[in-house]
Amino acid sequence: MKIEDKLFLDRFKVDEEESHIKITDGQICMKACPEQPCLYFCPANVYRLEQDHISVNYEGCLECGSCRIACPNLNIEWRFPKGGYGISHKFG
Ligand code: SF4
Ligand code: SF4
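Residues numbered from 1 in each chain as written. Chains lettered and ligands numbered in written order. Predicted model: local features only at pLDDT ≥ 70, side-chain atom pairs only at ≥ 80, totals over all residues. Heavy atoms only, no water.

(A) Representation of the site of ligand 1 in the model. Around ligand 1 lies a shell formed by Cys-29, Cys-33, Gln-36, Pro-37, Cys-38, Cys-71, Pro-72, Asn-73, Asn-75 and Ile-76. Class assignment of the residues belonging to the shell around ligand 1 gives a composition of 7 nonpolar, 3 polar and no charged. (Near = heavy atom within 4 Å. Nonpolar A, V, L, I, M, F, W, Y, C, P; charged D, E, K, R; others polar.)

(B) Structural detail: the environment of Phe-91. Counting through the fold element by element, Phe-91 comes out in the segment after strand 6 (86–89). Residue classification places Phe-91 among the exposed positions, given a relative accessible area of 76%. Between the C-alpha atoms of Phe-91 and Lys-6, which are 85 residues apart in sequence, the distance is 8.7 Å. (Helix = DSSP H or I, 4+ residues; strand = E, 2+ residues; numbered from the N terminus. Buried < 20%, exposed > 50% of the residue type's maximum accessible area, 1.4 Å probe, protein only.)

(C) Broad picture of the packing of aromatic side chains. Throughout the structure, instances matching the rule amount to 1 aromatic pair. With a centroid separation of 4.9 Å and 70 degrees between ring planes, the pair formed by Trp-78 and Phe-80 is classed as edge-to-face. Residue Trp-78 is classed as buried on the basis of its relative accessible area, which comes to 8%. Residue classification places Phe-80 among the exposed positions, given a relative accessible area of 51%. Of note, Lys-13 hangs over the ring of Tyr-85, and the distance from its end group to the ring centre comes to 5.2 Å. (Phe/Tyr/Trp six-rings, centres within 6.5 Å; stacked < 30°, edge-to-face > 60°. Lys NZ or Arg CZ within 6 Å of the ring centre and 35° of its normal.)

(D) Local environment of the nonpolar core. Core analysis: the biggest nonpolar cluster contains 14 residues, and Ile-21, Val-46, Tyr-47, Ile-54, Ile-76 and Trp-78 have the highest contact counts within it. The residues contacting Val-46, other than those within four sequence positions of it, are Ile-21, Ser-55, Val-56, Asn-57, Tyr-58, Gly-60 and Cys-61. (Core = buried A, V, L, I, M, F, W, Y, C linked by side-chain atoms within 4.5 Å. Contact = heavy atoms within 4.5 Å.)

(E) Structural detail: the site of ligand 2. With respect to spatial proximity, 13 residues lie near ligand 2, and among them Cys-42, Cys-61, Cys-64, Gly-65 and Cys-67 are the closest. For the shell around ligand 2, the per-class residue count stands at 10 nonpolar, 2 polar and 1 charged.

(F) Up close: the pattern of salt bridges. Summed over the entire model, instances satisfying the criterion amount to 3 salt bridges. A salt bridge links Asp-15 to Lys-82, with the nearest nitrogen and oxygen atoms 3.4 Å apart. One end of the pair, Asp-15, is in the loop between strand 1 (10–13) and strand 2 (21–23); the other, Lys-82, is in the loop between strand 5 (76–78) and strand 6, and 67 residues separate them in sequence. On the basis of relative accessible area, Lys-82 is assigned to the partly exposed category, the value being 38%. Of the charged contacts, one joins Lys-82 and Glu-18 as a salt bridge, the two residues approaching to 3.6 Å between their closest N and O atoms. One end of the pair, Lys-82, is in the loop between strand 5 and strand 6; the other, Glu-18, is in the loop between strand 1 and strand 2, with 64 residues separating them in the sequence. By relative accessible area, Glu-18 is classed as partly exposed at 31%. (Salt bridge = Lys/Arg side-chain N within 4 Å of Asp/Glu carboxyl O.)

So, in structure tokens, the structure goes:
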């Protein structure tokens, strides 16, 4: 089974009002993080490089928790989505 097929089994209930992920200081991303590893380590491509900032497309977050520890500047505030929101996995 391909990864795309596996991801298709996931269902998301998106909290439209509030992101569960925030970049603390966007200036650090653009001025003090030349490698910008969040563009690569996130399996869901949540972090994307825009013209002058990193955008956070939290709707597709798989809640793997990697970004809490993988940002070299500890510049990402991550918590689980509020109760009832977020991803649910369907297996089989
Ligand atoms: Fe910003 Fe952290 Fe991403 Fe670097 S890894 S660009 S500091 S969020
Ligand atoms: Fe990406 Fe995982 Fe962080 Fe969600 S928790 S934004 S899937 S690295």
